[in-house]
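Remarks on the overall topology
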Amino acid sequence: MIRTAAFHDDGGRAVIRPRHILVMSISVLLNLSVLPGVAAAQPVPPPAPPAAAVWVGADRLVWNVPEAAGDSWSLRYDPAGAIAAGDGQVTGGESIALEPAGPLAGEQAARFPHLTGQPVLAVAAADAGRVDAALRSQQVVVHTAGDGGLLDATRVQIAGALDARYPTAAALAYGPTFAGRAATVRLWAPTAATVTLRLFGATPPAPDAVPEQVVDLQRDDATGSWSATGNWRERYYQFEVTGFSVTENRTRTVVVTDPYSVALSVGSTHSQFADLTRPATMPRRWTAEVAGGLGADPTEHGVTELHVRDFSQSDPTVPAAERGTYKAFTRKNSAGMRHLRELAGAGLDTVHLLPTFDIATIPERRADQQQPACDLAALPPDSDRQQNCVSAVAASDAFNWGYDPLHYDVPEGSYATPAAQSGGARSREYREMVQALHANGNKVVVDVVYNHTPAAGDAPSSVLDKVVPGYYQRLDAAGTVANSTCCANTATENTMMGKLTVDSVVRWARTYKVDGFRFDLMGHHPKANILAVRAALDALTVARDGVDGTSIRIYGEGWNFGEIADDARFVQATQANMAGTGIATFSDRARDAIRGGGPFDEDPGVQGLASGLAGDPNGSPANGDAAQQQARLANYTDLVKLGIAGNMAGFRFRSTAGPEVTGAEVDYVGSPAGYTAAPDEVITYADAHDNETLFDALAQKLPPATAMADRVRMQKIGLAPVLLGQGQPFLLAGTEFLRSKSLDRNSYDSGDWFNLYDPTLRSNGFGRGLPPAADNESKWPYMQPLLARADLVPTPPDMRAARDGTLELLRIRQSSPLLTLDDPALVQQKLSFPAADAGIVVAHLDDTAGPDLDPARTGLLVVTNPFPQERTVGLPGGGWAPHPLSADATRTAIDAASATVPARSVVVLSR
């Protein structure tokens with residue numbers, strides 16, 4: 001019997017070939033041993049992809065291969081990894097009989113929806129007792145024809161069986177715990193043959209140090225966990241795990257740190273039995289510190305997104321030894337802390353810290369951190385030499401955004417001062433930072449990254465996959481680790497990865513008293529996982545945990561892409577799916593309408609509401625003809641209006657074209673624009689660490705001749721929908737003073753040079769050379785002429801003017817509860833958009849509709865005019881006067897029926 005399969009030639013064309021290939025190919029694809037004495041030309045049936053069989057339960061797996069009458073299946077397993085292929089057969093190890101059990105359906109299909117309808121193979125009842133042994137071994141599923149000939153063979157994905165066979169594992173506590181003088185450690189390693197604990201002294205050991213003591217951990221067969229107890233407080237430790245790795249496809253012994261580490265040696269080579277309840281790990285009065293969260297209405301708290309190193313690295317008011325560290329935040333009179341205090345006083349009081357967990361891609365020892373070998377400041381502003389010098393040391397300098405989690409529950413060591421980089425001292429400095437920010441009037445949100453790890457398998461920066469190979473990472477149909485996030489995706493749909501996420505978030509809230517969490521690529525998580533995080537936080541109390549759990553904020557990136565897109569494997573935590581949960585997602589709708597185009601446009605000149613589409617064309621052909629520009633202007637105006645309304649799917653308003661529409665009926669590149677159920681479910685922003693800063697976007701989109709004073713005004717127009725709309729406002733740190741990254745689109749590894757943050761307002765960072773080629777070179781022809789222009793470098797007075805304009809908008813927001821409505825019904829009652837030309841946004845907040853919320857006034861009118869000419873707009877009724885905090889309102893002519901607002905202005909009126 002000959003079956004056919006589609007392969008592809010080098011041109012990508014499908015080719016149908018007989019299902020016969022050389023014996024060597026089955027060995028390579030399965031990575032099996034090749035039996036000696038096999039003729040190289042002997043044809044054997046080709047295999048399915050390397051790990052195409054998937055365990056979907058305790059005794060069932062799915063393998064999507066065609067079958068015929070008389071075919072049979074078996075699972076071969078061998079803990080020594082000696083299964084081999086040759087002579088048209090797979091040999092070695094023990095064999096478990098498998099029986100066809102129909103298509104995947106019911107509860108198992110609900111757990112694995114991407115496998116629904118595929119054929120199920122069940123373990124024969126007589127062999128059921130051997131599955132646990134098989135899961136700790138090399139496994140190969142073999143498909144044999146009725147005549148005994150080998151048809152197919154494949155390796156197996158094991159996560160589904162581990163979840164099903166160890167259901168009580170998730171009830172246990174992992175990592176180090178303490179009772180009296182004793183320390184207990186527990187590791188979940190159900191596939192391991194042995195696990196030992198390598199113990200060192202209480203001082204940080206050298207990376208290659210020999211352990212002082214080795215202890216065998218005891219396995220609990222019911223949970224697949226290993227544990228031991230001893231008098232080990234403050235000692236450093238590692239695990240030695242021996243077993244078959246389905247990722248490496250071999251039996252091996254690896255030394256690994258604890259995935260649940262709470263403290264580490266410098267360089268992250270050893271975990272520590274650190275009791276973080278000891279006074280030595282805490283600043284004074286830490287036990288009285290409370291994580292108060294963002295309260296009942298998070299929209300009252302604006303967010304500034306800040307990188308720990310950026311914050312103080314260039315601040316001369318911070319001692320040199322403390323720049324770039326947690327300790328810098330304790331300098332309450334530094335320029336940076338004074339600036340944060342001023343923002344907090346105006347309502348931008350929440351500091352969102354880019355990743356601060358243990359990061360794989362930053363050398364922690366100062367001696368290991370390299371510096372660019374150039375005089376960067378002496379080079380021309382449009383040169384490519386700066387990026388050459390920065391890129392040459394990017395992998396070993398002190399800068400990275402940090403989206404490379406090595407240990408989830410330990411603060412990053414490079415941000416500690418040298419004397420505090422090991423053990424509990426690192427935690428003490430982190431707590432000092434949080435305490436200082438709270439005292440400064442700031443809330444603290446931390447960026448968490450549970451959607452991927454920097455590596456898988458036995459790579460140096462892999463931890464989880466060393467402990468339970470093939471479990472913590474998400475695999476594709478061929479058993480390859482998916483990397484749609486950037487790196488090695490994690491499988492947060494698997495029970496123990498989901499548990500790790502919940503446990504880690506709770507640990508950060510209880511141990512470090514942070515007020516919220518921003519989930520990186522949250523759409524790669526199941527919605528159920530994020531809701532489990534929410535429930536775990538809600539259970540925390542001030543009395544027991546020092547945490548007001550119900551007030552802890554959660555928001556994240558709800559993007560929908562990759563192997564799990566469109567709920568392919570589970571209901572995702574995406575923008576639309578999170579509606580009604582109170583968990584917020586970033587809205588790209590208003591962002592793109594404000595800036596123009598999207599982050600990946602080939603021509604960066606596509607204009608938006610704040611970048612010249614309203615009457616100030618830049619000549620780029622990417623903007624289309626006049627009719628196309630007008631149509632896009634109308635759509636962008638509606639997207640901005642909807643953003644001001646909290647991007648709610650059900651919000652009804654008068655569109656720019658005239659008819660009434662709902663948010664879900666507004667178009668966003670072919671998708672419904674509105675998706676939230678309430679204003680607190682949206683993060684409204686014009687820039688963030690990803691993509692160009694707002695200043696840099698406008699530099700590339702506004703007409704080149706635009707004067708700096710007008711660029712400052714357009715920056716304010718770009719921030720007005722963010723700061724004067726419903727929802728939670730979010731700013732990249734420094735946007736308030738025109739921060740630039742020298743046009744860098746993706747500065748994650750661009751060093752201190754391109755990530756300058758200067759709260760002393762000496763430099764905004766523009767003109768520091770062409771940004772790194774890896775992500776920007778295709779745009780260099782657009783960038784180079786701009787970077788060469790001295791008139792595009794704002795002066796300190798320009799930066800102060802921008803800062804003052806941002807503070808003005810913040811204080812106006814703070815002045816009235818009408819700008820922070822937390823009830824969707826109130827937004828619908830009170831917010832409307834009177835008719836105006838496309839490009840002009842008139843938002844009317846009517847406090848005579850519904851309950852009286854603002855005793856100081858009966859309404860507000862916010863008019864945003866991005867046109868380079870003054871414009872007249874109709875007023876809803878009379879009695880309007882300038883809001884006392886609105887600078888542009890003082891230049892507005894107001895009569896009974898209309899107001900003539902200045903060019904490029906944000907006017908707020910009150911009555």
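Structure shown above.
The text that follows walks through the structure, step by step, so that each part is easy to find.

**Let's talk about the side chain of Arg 813**
Considering the arrangement of structural elements, one finds Arg 813 in helix 20 (residues 796–815). Although Arg 813 is buried, it forms no salt bridge, and the closest oppositely charged side chain is Asp 297 at an N-O distance of 7.2 Å. A polar contact is formed between the side chain of Arg 813 and the backbone oxygen of Leu 723, at a distance of 3.0 Å.

**Section: helix 13 (residues 588–595)**
The buried fraction of helix 13 is high, at eight of eight residues. Looking only at helix 13, the buried set comprises Asp 588, Arg 589, Ala 590, Arg 591, Asp 592, Ala 593, Ile 594 and Arg 595. Capping the start of helix 13, Ser 587 holds a side-chain oxygen 3.3 Å from the backbone nitrogen of Arg 589, two or three residues further along. At the C-terminal side of helix 13, Gly 596 shows a positive phi close to 105 degrees.

**Quick word on the nonpolar core**
Trp 55, Trp 188, Leu 197, Phe 239, Phe 517 and Phe 519 are the most contacted members of the largest nonpolar core, which has 120 residues in total. The element contributing the most residues to this core is helix 10 (residues 495–512), with nine residues. Aside from chain neighbours lying at most four places away, what touches Phe 519 is Val 448, Tyr 450, Thr 501, Val 505, His 525, Ile 530, Val 533, Ile 554, Tyr 555, Gly 556 and Glu 557. Among the nonpolar cores identified, the runner-up in size contains 66 residues, and Leu 343, Ile 594, Ala 686 and Ala 889 belong to it.

**Looking at the environment of Ala 189**
Following the sequence through the fold, Ala 189 ends up in the loop between strand 16 (182–188) and strand 17 (192–199). It is 8.3 Å that separates the C-alpha atoms of Ala 189 and Val 241, two residues lying 52 residues apart in sequence. What Ala 189 contacts, discounting residues up to four positions off in sequence, is Val 195, Arg 219, Gly 224, Ser 225, Trp 226, Val 467 and Val 468.

**Observations concerning the environment of Leu 826**
Considering the arrangement of structural elements, one finds Leu 826 in helix 21 (residues 824–830). Overall, Leu 826 belongs to the buried group, its relative accessible area being 13%. Residues Leu 826 and Gly 413 lie 413 residues apart in sequence; the distance between their C-alpha atoms is 47 Å. Dropping the residues within four chain positions of it, Leu 826 is found in contact with Leu 821, Leu 831, Pro 851 and Leu 853.

**Notes on the state of the cysteines**
Going through the model one piece at a time under the given rule, you end up with two disulfides. Sulfur-sulfur distance for the disulfide between Cys 374 and Cys 389 comes to 1.5 Å. Looking down the S-S bond of the Cys 374 and Cys 389 bridge, the torsion is -60 degrees, so its handedness is left-handed. Of this pair, Cys 374 sits in the loop between strand 26 (357–359) and helix 7 (385–392) while Cys 389 sits in helix 7, and the two are 15 residues apart along the sequence. For Cys 374, a relative accessible area of 30% gives the class partly exposed. Of the residues examined, Cys 389 reaches a relative accessible area of 14% and is grouped as buried. What pairs with Cys 486 in a disulfide is Cys 487, and their sulfur atoms sit 2.2 Å apart. The chirality of the disulfide connecting Cys 486 with Cys 487 is left-handed, given an S-S dihedral of about -95 degrees. On the basis of relative accessibility, which here comes to 17%, the residue Cys 487 falls in the buried class. Ordering the disulfide-forming cysteines of the protein by sequence position, one finds them joined as 1-2, 3-4.

**Topic: the side chain of Arg 252**
For Arg 252, the position within the fold is in strand 22 (residues 250–256). Here Asp 458 takes part through its side chain, which lies 3.0 Å from a polar atom of the side chain of Arg 252. For Arg 252, the side chain forms a polar contact with the main-chain oxygen of Lys 466, separated by 3.1 Å. The contact partners of Arg 252, leaving out residues within four places of it in the chain, are Val 241, Thr 242, Gly 243, Ser 245, Asp 458, Asp 465, Lys 466 and Pro 469.

Parameters and conventions
- Residues numbered from 1 in each chain as written.
- Predicted model: local features only at pLDDT ≥ 70, side-chain atom pairs only at ≥ 80, totals over all residues.
- Heavy atoms only, no water.
- Helix = DSSP H or I, 4+ residues; strand = E, 2+ residues; numbered from the N terminus.
- Buried < 20%, exposed > 50% of the residue type's maximum accessible area, 1.4 Å probe, protein only.
- Lys, Arg positive; Asp, Glu negative; His and termini not counted.
- Salt bridge = Lys/Arg side-chain N within 4 Å of Asp/Glu carboxyl O.
- Polar contact = N/O pair within 3.5 Å; in protein donor to acceptor, adjacent residues only side chain to side chain.
- Core = buried A, V, L, I, M, F, W, Y, C linked by side-chain atoms within 4.5 Å.
- Contact = heavy atoms within 4.5 Å.
- Disulfide = S-S within 2.5 Å.

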